[in-house]
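# Secondary and tertiary structure notes
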Amino acid sequence: MSEKPLAAAAAAASAPRFEKLSAVKGMNDILPPESARWEWLEDKVRQLMARHAYRNIRTPIVEPTPLFVRGLGEVTDIVEKEMYSFEDKLNGEALTLRPENTAGVVRAVAEHSMLYDGGKRLYYMGPMFRHERPQRGRYRQFHQIGAEALGFAGAEVDAELILLAHALWQELGLKDVRLELNSLGQPDERRAHRAALIAYLEQHQDVLDEDAKRRLYSNPLRILDTKNPAMREVVEAAPRLIDFLGEASLAHFNSVRSILDACGVAYSLNPRLVRGMDYYNLTVFEFITESLGSQGTICGGGRYDYLIEQIGGKAAPAVGWALGVERVLELLREQAPTQAPSPDVYAIVPDASALPQVLSTLTQLRALGVSVQMHAGGAESWGSMKSQFKKADASGARHALIFGSDELARGEVTVKSLRDGAGGAQQAQPLANLAQWAITLQSQH
Ligand code: ATP
Ligand code: MG
């Protein structure tokens, strides 16, 4: 037999049988060690929410499409072009992967009459879906953390939510985040402003882009939210909603501002800040950084006193915000590089036959709170001591526990420090004392 057919057969045998699949465009896998940052952020958020008495809520990722159409508004970027909507194959119901979670929370609050005994403070974390053009800081599956306070009309709760977000930036060590604030007033004030705005924009039809022309009569306020630089000048000179606010709306706005002032939280007023959904009234705000290019808004929110009624619930005031997890983490990565997590201990097992006893010891250590990575491999590739030590070093563990058969027979294990170079201190520990050793180890954290 010549060599050629053999080589061809070998190649055919090693070729994959199925086409390789990859993730959907704009939807990302979050892998270790990066996922450790996510967990770290989530832990910080849980602690902070608990300190502010916000409770966790978890709602479905799929909701009836009308929830978003009615809740967010028909003439919004999200509803017009960004929703993943589909028909339930079995009953034809129109469904949508949630593009945001305020509407879902409000639906749940109304559905379960959660406000019957007073206001509720809630928070959530999870994936959202929008069919956008993927780029840095803009994905099709992305993640939000959000806080919502429902059933409270007072400006102090608007301020509480802004302070909560501000506290989170401090807690995370984020720098260069600024706060922009505006008030959208009440529906009647918006109507008066809307008439003035349409009249003004009609005089500048030539500069309006397609989106703006289409929205001129259906949702002119949204035009102020444009990202088109060609329209900036016209938009900046447009009639300002803030000038149409009555006494009550201004008083509400000033109350929010005086609390922020008293707490030393700096902000700037942006009369063109309108936000992407129609459900907002009174206070709206965004936290922005210049460090992420054009995807610089890391968190946005405001009051939405009419949303609950809009989706069929009993009217109740509400206010909330959502932050983009990917953008916050991107900013953190730039400002504060952190180390990947490592175990406390790497367990070196020279002879695999000792594994049952090793595992029983490791189980006790883990129960005491020690983080342990065990050496692992197949019967034919168990690895020499040298290669096990290499892996122990690579794991970043502070200590190696060496479960040599002779030591085990004496009821001992060798502890070697991996942090003081090649000549790391090495010491025999009776297995019976391991719990005490674990406690000492924990106290050195
Ligand atoms: P943008 O103007 O950047 O499109 P938005 O106004 O649509 O943002 P919101 O609906 O207010 O955003 O969502 C709150 C936060 O969620 C945003 O400030 C941002 O940090 C994040 N976010 C929104 N859309 C995306 C996305 N496609 N990918 C990643 N993060 C996003
Ligand atoms: Mg958007």
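Owing to the predicted nature of the structure, the values given are computational and were not obtained by experimental measurement.

Turning to the overall build of the chain, a few remarks are in order. Check the secondary structure of the chain and you find 17 helices and 16 strands. Relative to a compact globule of 445 residues, whose C-alpha radius of gyration would be 22 Å, the chain shows 29 Å and is clearly more extended. Oriented by its inertia axes, the alpha-carbon framework of the chain measures out at about 90 × 70 × 45 Å. Relative to its full complement of 445 residues, the chain shows a buried share of 46%. Once local pairs closer than 6 in sequence are excluded, the contacts in the chain between residues at least 24 apart make up 70%. As presented, the chain carries roughly 22600 Å² of accessible surface, and 53% of it is formed by carbon and sulfur atoms.

Between the first and last C-alpha of helix α2 (residues 34-51) there are 27 Å, a value that for 18 residues agrees with the 26 Å anticipated at 1.5 Å per step. Buried within α2 we find A36, R37, W38, L41, V45, L48 and M49. On its buried face, α2 is in contact with β5 (120-129), β6 (141-150), α6 (155-172), β11 (318-324) and α13 (325-335).

Further remarks concern the packing of helix α3 (residues 65-72) against helix α5 (residues 102-111). Running from amino to carboxyl end, α3 crosses α5 at an angle of 105 degrees, the nearest separation of the two axes being 10 Å. Here α5 runs roughly perpendicular to α3, going by the angle between their axes. Residues L67, F68 and L72 of α3 pack against A103, G104 and R107 of α5. Each residue belonging to the contact of α3 with α5 can be placed in one class, and the counts come to four nonpolar, one polar and one charged.

Bringing unusual backbone geometry into the picture now. Here P32 and P33 are connected by a cis peptide whose omega angle stands at 5 degrees. Considering the arrangement of structural elements, one finds P33 in the loop between α1 (3-14) and α2. In this structure, S113 is a non-glycine residue whose phi angle is positive, near 45 degrees. Position of S113 among the secondary structure elements: in the loop between α5 and β5. Look at D176: it is not a glycine, yet its phi comes out positive at around 60 degrees. The residue D176 is located in the loop between α6 and β7 (177-183) in this model.

Here we come to the site of ligand 1. The environment of ligand 1 is formed by 16 residues, the closest being R130, E132, R138, K227 and R275. In the model, an oxygen atom of ligand 1 is placed 2.9 Å from a nitrogen or oxygen of the T297 main chain. Listing elements by their share of the shell around ligand 1, those giving two or more residues are β6, β10 (297-303) and β11. Broken down by element, the residue count for the shell around ligand 1 peaks at three residues, all from β10. Of the residues assigned to the shell around ligand 1, the class counts are six nonpolar, four polar and six charged.

Right, let's talk about empty space enclosed by the protein for a bit. In this structure the tally under the stated criterion is one cavity of 30 Å³ or more. Its volume calculated, the largest cavity comes out at about 50 Å³. Taken together, H193, L224, V235, E236, A238, P239, R240, L241, P271 and R272 make up the full set of residues lining the largest cavity. For the lining of the largest cavity, the residue count by class is six nonpolar, one polar and three charged.

Here we take up the sheet that holds β5. Paired through backbone hydrogen bonds, the strands of a sheet run either parallel or antiparallel to each other. The eight strands are arranged β1-β5-β6-β11-β10-β9-β7-β8 in an open sheet whose pairing can be described as mixed. Whereas interior strands pair on both sides, the edge strands pair on one side only; in this sheet they are β1 (55-56) and β8 (268-269). Examined bridge by bridge, β7 and strand β9 (residues 281-289) share seven bridges and lie antiparallel to one another. Paired with S183 across the bridge in β9 is T283. On top of the sheet, α2 reaches β5, β6 and β11; it is set at about 160 degrees to β5, its chief contact.

What follows concerns the pattern of salt bridges. Throughout the structure, instances matching the rule amount to 28 salt bridges. The closest approach of N and O atoms between D158 and R303, which form a salt bridge, is 2.7 Å. Taken as a pair, D158 in helix α6 and R303 in strand β10 lie far apart in primary sequence, 145 residues in all. Taken as a pair, D158 and R303 share a single burial class, namely buried. Each of E34, R37, R136, E330, R333 and E334 takes part in one network of salt bridges that share partners.

An order of β2-β4-β3 is seen for the three strands of this open sheet, with the pairing classed as antiparallel. The sheet is open, and its two borders are formed by β2 (62-64) and β3 (85-87), each paired with just one other strand. Strand-to-strand twist of the sheet, defined as the mean angle between neighbouring strand axes without regard to direction, takes the value 35 degrees. As defined by bridge partners, β3 adjoins strand β4 (residues 94-97) across three bridges and the pair is classed as antiparallel. In the sheet register, F86 faces β4, and the bridge partner there is L95. Of the strands in this sheet, β2, β3 and β4 touch α3, which is tilted by about 70 degrees from β2.

Its place among the elements puts A165 in helix α6. Here the alpha-carbon distance between A165 and Q186, two residues 21 residues apart in the chain, equals 25 Å.

On to the state of the cysteines. Throughout the structure, instances matching the rule amount to zero disulfides. Take C263: it sits in no disulfide, and the sulfur closest to it among the cysteines is that of C299, at 17 Å. Residue class for C263 comes out partly exposed when judged on its relative accessible area of 44%.

Criteria and cut-off values
Residues numbered from 1 in each chain as written. Chains lettered and ligands numbered in written order. Predicted model: local features only at pLDDT ≥ 70, side-chain atom pairs only at ≥ 80, totals over all residues. Heavy atoms only, no water. Helix = DSSP H or I, 4+ residues; strand = E, 2+ residues; numbered from the N terminus. Rg over C-alpha atoms; globule rule 2.2 N^0.38 Å. Buried < 20%, exposed > 50% of the residue type's maximum accessible area, 1.4 Å probe, protein only. Contact = heavy atoms within 4.5 Å. Areas by Shrake-Rupley, 256 points an atom, 1.4 Å probe, with all protein chains shown as cover. Expected span 1.5 Å × (residues − 1). Axes fitted to C-alpha atoms, helices over the stretch in contact; angles between N-to-C directions. Parallel < 35°, antiparallel > 145°, perpendicular 65-115°, else oblique. Nonpolar A, V, L, I, M, F, W, Y, C, P; charged D, E, K, R; others polar. Near = heavy atom within 4 Å. Polar contact = N/O pair within 3.5 Å; in protein donor to acceptor, adjacent residues only side chain to side chain. 1 Å grid on protein atoms, 1.4 Å probe; cavity = no way out; pocket = protein on both sides within 12 Å on 5 of 7 lines; lining within 4 Å. Points joined across faces, edges and corners; volume = space filled by probe spheres on them. Pairing = 2+ DSSP bridges. Salt bridge = Lys/Arg side-chain N within 4 Å of Asp/Glu carboxyl O. Disulfide = S-S within 2.5 Å.

Limitation: the analysis is restricted to geometry and does not speak to function.
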